[in-house]
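Fold and contact review
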Amino acid sequence: ADGVHDEMLATMQAFCRDAAAACAEVCLARLRLLQTQMHRSFEEDSRRFMAASSPMGARGPLNATWPGGESRHMVLVRNIRRRLEAQGESPESFFRARALTGQGLMSRVDFIA
């Protein structure tokens, strides 16, 4: 009777081990699929964010060169200076006024809006 019992126990252990291995494979495949979907979603969100928040959209890094040979930083600074001059201010007077009123730094979006 002990031999039959040991044999049944060994068979059940092998069955459970095989079932656990199959479950692990399914879980791993689902995790990989989920990771791929999350990565795609993150990249799409990043592209949309860059397109919405960047003067050039999602076409390149912030210091990319524009067709005229200027970096995006230079174009951004020039546009900011033009806007301030159109308001009758210089960058120095703009920031001095903000500092005196205790407003401190501002976000990039507020600055270029």
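Heads up: the structure comes first, above all this text.
Residues numbered from 1 in each chain as written. Predicted model: local features only at pLDDT ≥ 70, side-chain atom pairs only at ≥ 80, totals over all residues. Heavy atoms only, no water.

Quick word on the overall build of the protein chain
The cut-off we apply is this: Strands are runs of DSSP state E lasting at least two residues, helices are runs of H or I lasting at least four, and both sets are numbered from the N terminus onward. Three labels apply to residues, based on accessible area from a 1.4 Å probe with only protein chains included: buried if under 20% of the type maximum, exposed if over 50%, partly exposed otherwise in between. Here, residues are in contact when the closest pair of their heavy atoms is within 4.5 Å. In this description, accessible areas are obtained by the Shrake-Rupley approach with a 1.4 Å probe, and a residue is regarded as covered only by the protein chains that are shown.
Regarding its fold elements, the protein chain presents four helices and zero strands. When the elements of the protein chain are put in sequence order from the N terminus, they spell out α-α-α-α. Put simply, the protein chain has 113 residues, and 12% of those count as buried. Counting contacts in the protein chain only where the partners sit at least 6 residues apart, residues at least 24 apart contribute 19% of the total. Accessible area for the protein chain stands at about 9,300 Å²; split by element, carbon and sulfur atoms hold 62% of it.

Section: the state of the cysteines
Keep this limit in mind: When the sulfur atoms of two cysteines come within 2.5 Å, that pair is taken as a disulfide.
All told, the structure shown has zero disulfides when counted by the stated rule. Left unpaired, cysteine 23 is separated from the closest cysteine sulfur, that of cysteine 27, by 6.5 Å. Using a relative accessible area of 48% as the deciding quantity, one classes cysteine 23 as partly exposed.

A short note on helix α2 (residues 72–86)
Defined as follows: In a helix, the anticipated span is given by 1.5 Å times the number of residues less one.
Along its 15 residues, α2 runs 21 Å from first to last C-alpha, staying within 8% of the 21 Å computed at 1.5 Å per residue. Within the span of α2, buried status applies to Arg72, Val75, Leu76, Ile80 and Leu84. At the C-terminal side of α2, glycine 88 shows a positive phi close to 80°.

So, the environment of arginine 81
Of note, arginine 81 is situated in helix α2. Separated by 10 residues in the primary sequence, arginine 81 and proline 91 have C-alpha atoms spaced 6.8 Å apart.

Describing a nonpolar patch on the surface
Inclusion rule: Two joining distances apply to patches: 9 Å for like charges and 5 Å for nonpolar side chains (Val, Leu, Ile, Met, Phe, Trp, Tyr), and every residue must have over 30% relative accessible area and no salt bridge. When a carboxyl oxygen of Asp or Glu is within 4 Å of a side-chain nitrogen of Lys or Arg, the pair counts as a salt bridge.
On the surface, a cluster of nonpolar side chains totalling about 310 Å² of accessible area is made up of Leu31, Leu34 and Met38. Assignment of secondary structure puts leucine 31 in helix α1 (residues 2–53). Leucine 31 sits in the exposed class, given a relative accessible area of 54%.

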